[in-house]
Each structure stands twice: as C-alpha cells, then as structure tokens.
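Geometric and topological summary
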Amino acid sequence: MKSFPSGPAYAPALLTIDLNALAWNWRFLSDTAAPAKAAAVVKANGYGLGTEPVVSTLASAGCRLFFAAQLSEAIAVRNALPNPEIEVGVLNGLMAGEEDAYPEYNLFPVLNDLSQVDRWAAYCASNGARAAAVQLDSGMTRVGLPHYEAEALASDPDRLSGFECRYLMSHMACADDPDHPLNAQQRDRFAAMVPRIPHSHAMLAASSATFLGPAWHFDYIRPGVALYGGRPNTLSANPLRQVIKLEGKILQIQDVDAPQTVGYGAGHKVEKPGRIATIGVGYADGYLRSLSNKATAVLHGVTVPLVGRVSMDLITFDITDVPDAKVGDKMELIGPSHTIDDLADQAGTIGYEILTSLGNRYARRYVGASE
Ligand SMILES: *Cc1c(COP(=O)(O)O)cnc(C)c1O
C-alpha cells in the first residue's frame, strides 16, 4: 500500500485510520441509496483524516464525484485523484476572480446565487462551456439560491443555456432528527423545483437524509460524516463502521489520597486512595477542553473517567480500578469501545467537530485499502 504522512516521531499518541472501514462505509451508503449513486464529501482535509488517503481510497472503492468546501481544498482533492474523469466540486460557491482556477484544475463550481449563475454563463460564453452545479436554498438560509432567486431562474431558464447544469442540489437542515417537520418541507420544496430548472442530476441528501428513505435520494446522495464513522441519527444504532482509533500512552502514574487535588484550578478533589494516570494529549490536539471532568476512556477493557481539567498537552484519568496498568500502556481515547459520537456527547458537541479537530501531533497510521 501507498504510504501516507505519518506525523511526528516520538508522538505520545497514535491515530490509526482504517481505510478498509472507510471504503466499506462508502459501499454501504451506495447500497443504501441505490439506484441513486453516492458522491463523497471530503472537505476540511477529509474530515480531518487526510485528503490524499481518503480520496484515493474512495476513488478505488468506486466513487466518481467528490465535493470540497473551498477552492484550495478542491485542488488538493484533484491532485490526489488518479483519473481526470472523476469530478470535483466546490461547495462554497464561485467568487469573482476565481473562474480560471476551475478549468485549470479541472473542477466545477457550485453556483450559490443568481450573480454566480450569470457570471459563470458569461465566463463560459468566452471560454467554452463547462459544467457546474446549481444549489437551491430550501431551508438552511446559508448558501444557495434563496426561494425568490430559484423562482426567477425557473421562469427564465435560458440563464443556464450557456453551460450544463450538471447537478441541481440542495442541503438539509434537520435530517439528523428524523421526526423534524422541516425534512418533508425541504424535500417537497426541492422536488417542486426539479422539473422546473434544467439539469442533468438532482441531489439532496447528505449522510443523515440518506437514512430518511428513498424520497430523499433523487439521483445522487452526498454523504460526509457517515463515511468517517459518524452516526446518521440518534434514534437507531449506527450502521457505519468506526474508522479511527486514538490511543494515548500513559506518561506517568501517581498514587493519590485525600485531600489532594488534580490539575489546573484544583478542578478535581481526590476523596480516597487511588491512582491517577497522565496521558500526553490535550486541547492543543483537539481533545476539547469541554471534556474536563466529563470524558471517559478505555484502559485494559475498563472504562475510566477523566478527572480535572483538560490541559493544553496533558489529561488525567482515575485508573484506581485498573491495578495492573503501568507507564507506557495505551489508553483508548477514541475507538470501537468509545466512538467519536460517544466522545462528542461527553464534550457537548458533534462527531464532526471531534473529527475535524484531530491534531497534527499524533502519529498517524493508515491501515487497509488503497493501493
Ligand atoms: C458538509 C456537507 C455535506 C456532507 O454532510 P454530512 O452531514 O457530513 O454528510 C453535504 N452537502 C453539503 C452542502 C455540505 O456542506
């Protein structure tokens, strides 16, 4: 297998990224959506896992359509792809002055308002027609043509005649909550525009909406977080495989007793004799400070609580219940026994933020798939 960046030498923590699990997740999402096809969203450095390994693994698995958020990210995605036929889109829109980068790097823009549509049509008129996507805002109020602009485009579809609108798309706001009324409203608003705006393929669902059912699938789904093992919703068991494992080495163990305290702000008070283990991971590594006194990890199969505050480079766990633990042993901070969503719940955030915060100080080991 190809070798990918491995991080600093002597790192105190090891991040293992299972590319087989990533490929399995993409195939599972494809099968779930079939006969619709599956694209892949690889923004933010492949949700923190590395653009090159993620993109080359998904391309080998059969993915033919990728999305990044930013133009520079999309260039990195293009550079990681073996085959110029594979398409790469830029979700955040076409900014004035960036037009030439699209043909140069073989990318397509997602046009997010009417001025972007008109600017792309004008650019294509003098530089030759190229495909683009048009995104409608069906309820996010973020990017995409607002309803009044979508209406204007539907009544004057010639504005699209200078290029191919290859993808007509929209994005869901609440699909991780299957009971939310906005799910059906957004789908209906989008479906009503599908016959009215000329395009080749329609697409709406990201990870969560893929599991709302076939009415949300249209021609393509566009998952991100589920590829990387994130749960689509909290109502049913997560059908995806865990892709990452984060293990930190025990740097030191101290015997403790009341009335000692642990960490900054004396944030934990020791109440009885026990043992505290220190791990070389902190908020500078994306192990969020909001995990102070909240997180757990797994040591020799035993769940142990984080005690005290998360420091920049260090965290402390009460390992009194694991008497055989010793310096150098590895603690599972994230993994099959303690998933990204479990840790996110403890931090009061979402798995997305855990993934995209993963730091640069971990040793990284890529296992499985890819050539
Ligand atoms: C991030 C993003 C996705 C992927 O979303 P997930 O929830 O990670 O599956 C899809 N489409 C758009 C427009 C996005 O911004």
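Residues numbered from 1 in each chain as written. Predicted model: local features only at pLDDT ≥ 70, side-chain atom pairs only at ≥ 80, totals over all residues. Heavy atoms only, no water.

Examining the side chain of Gln242
Within the secondary structure, Gln242 sits in the loop between β10 (220-221) and β11 (244-256). From its side chain, Gln242 meets the backbone oxygen of Gly229 in a polar contact 3.1 Å long. Excluding residues within four positions of it along the chain, Gln242 makes contact with Ala21, Gly229, Pro336, Thr339 and Ile340. (Helix = DSSP H or I, 4+ residues; strand = E, 2+ residues; numbered from the N terminus. Polar contact = N/O pair within 3.5 Å; in protein donor to acceptor, adjacent residues only side chain to side chain. Contact = heavy atoms within 4.5 Å.)

Some remarks on the pairing of strand β16 (residues 302-305)
Sheet topology note: the strand β15 (residues 296-299)/β16 ladder contains four bridges and is antiparallel. In the strand pairing of β16, Leu299 is matched with Val302. The hairpin turn running from β15 into β16, its antiparallel successor, is two residues long, and His300 in that turn takes a positive phi close to 50 degrees. (Pairing = 2+ DSSP bridges.)

A few points about the site of the ligand
Not every one of the 14 residues close to the ligand is listed here, only the nearest: Lys43, Tyr47, Ser207, Gly224 and Tyr352. Between the ligand and the protein, one listed contact pairs an oxygen atom with a side-chain N or O atom of Lys43 at 2.7 Å. Taken by itself the ligand offers 390 Å² of open surface, and the protein chains cover 91% of this. Of the residues assigned to the shell around the ligand, the class counts are seven nonpolar, four polar and three charged. (Near = heavy atom within 4 Å. Areas by Shrake-Rupley, 256 points an atom, 1.4 Å probe, with all protein chains shown as cover. Nonpolar A, V, L, I, M, F, W, Y, C, P; charged D, E, K, R; others polar.)

As for the UniProt feature "binding site: substrate" (unreviewed entry) in the protein chain
Mapped onto this numbering, the UniProt entry gives "binding site: substrate" (unreviewed entry) at Arg142 and Met312. Spanning 171 residues, the named residues are also spread out in space, since their farthest C-alpha pair is 33.5 Å apart. With respect to the secondary-structure elements, Arg142 resides in the loop between β7 (132-135) and α7 (147-155). In this view, Arg142 contacts Asp137 and His171; residues no more than four positions away in its chain are not counted. Checked against the element boundaries, Met312 lands in the loop between β16 and β17 (315-318). Those residues within four positions of Met312 in sequence are excluded, and the remaining contacts are Gly282, Tyr283, Ala284, Asp285 and Arg361. (UniProt positions renumbered as here; feature names shortened; annotations may be inferred.)

Looking at helix α8 (residues 181-193)
Its 13 residues give α8 an end-to-end C-alpha distance of 19 Å, which sits within 8% of 18 Å, the value for a rise of 1.5 Å per residue. Listed as buried for α8 are Leu182, Asn183, Gln186, Arg187, Phe190 and Met193. With its buried residues spanning 135 degrees around the axis, α8 presents them on a single face. Residues of α8 that are buried in the fold lie against α7, β8 (165-169) and β9 (201-203). (Expected span 1.5 Å × (residues − 1). Buried < 20%, exposed > 50% of the residue type's maximum accessible area, 1.4 Å probe, protein only. Arc of directions from axis to C-beta.)

A look at a positive patch on the surface
Taken together, the side chains of Lys245, Lys249, Lys330 and Arg365 define a basic patch exposed on the protein surface. Position of Arg365 relative to the elements: it lies in strand β19 (residues 363-367). Given the relative accessible area of 43%, Arg365 is considered partly exposed. (Patch = residues over 30% accessible without salt bridge, like charges linked within 9 Å, V, L, I, M, F, W, Y side chains within 5 Å. Salt bridge = Lys/Arg side-chain N within 4 Å of Asp/Glu carboxyl O. Lys, Arg positive; Asp, Glu negative; His and termini not counted. Charge placed at Lys NZ, Arg CZ, Asp CG, Glu CD.)

Description of the UniProt feature "modified residue: N6-(pyridoxal phosphate)lysine" (unreviewed entry) in the protein chain
As annotated by UniProt and renumbered to match this structure, "modified residue: N6-(pyridoxal phosphate)lysine" (unreviewed entry) occupies Lys43. Structurally, Lys43 is set in helix α2 (residues 43-47). A relative accessible area of 27% places Lys43 in the partly exposed class. Once you skip the residues sitting within four places of it in the chain, Lys43 turns out to touch Phe67, Ala68, Ala69, Glu73 and Leu91.

Structural notes on the packing of aromatic side chains
Counted under the stated rule, the structure contains eleven aromatic pairs. Summarising the aromatic geometry, the rings of Phe28 and Phe211 are spaced 6.5 Å apart at their centres and angled 20 degrees between planes, so their arrangement reads as stacked. Residue Phe28 is found in helix α1 (residues 19-33), and its partner Phe211 is found in the loop between α9 (207-210) and β10; the two are separated by 183 residues along the sequence. Geometrically, the ring pair formed by Tyr47 and Tyr352 is tilted, given 6.2 Å between the ring centres and 35 degrees between the ring planes. Placement of the pair is Tyr47 in helix α2 and Tyr352 in helix α11 (residues 351-357), with a sequence separation of 305 residues. Since its relative accessible area comes to 5%, Tyr47 is described here as buried. Among the residues examined, Tyr352 registers a relative accessible area of 35% and is labelled partly exposed. Members of the aromatic cluster, each reached through a chain of ring pairs, are Phe67, Phe108, Tyr167 and Tyr220. Positioned above the aromatic ring of Trp216, the side-chain terminus of Arg187 is 4.5 Å from the ring centre. (Phe/Tyr/Trp six-rings, centres within 6.5 Å; stacked < 30°, edge-to-face > 60°. Lys NZ or Arg CZ within 6 Å of the ring centre and 35° of its normal.)

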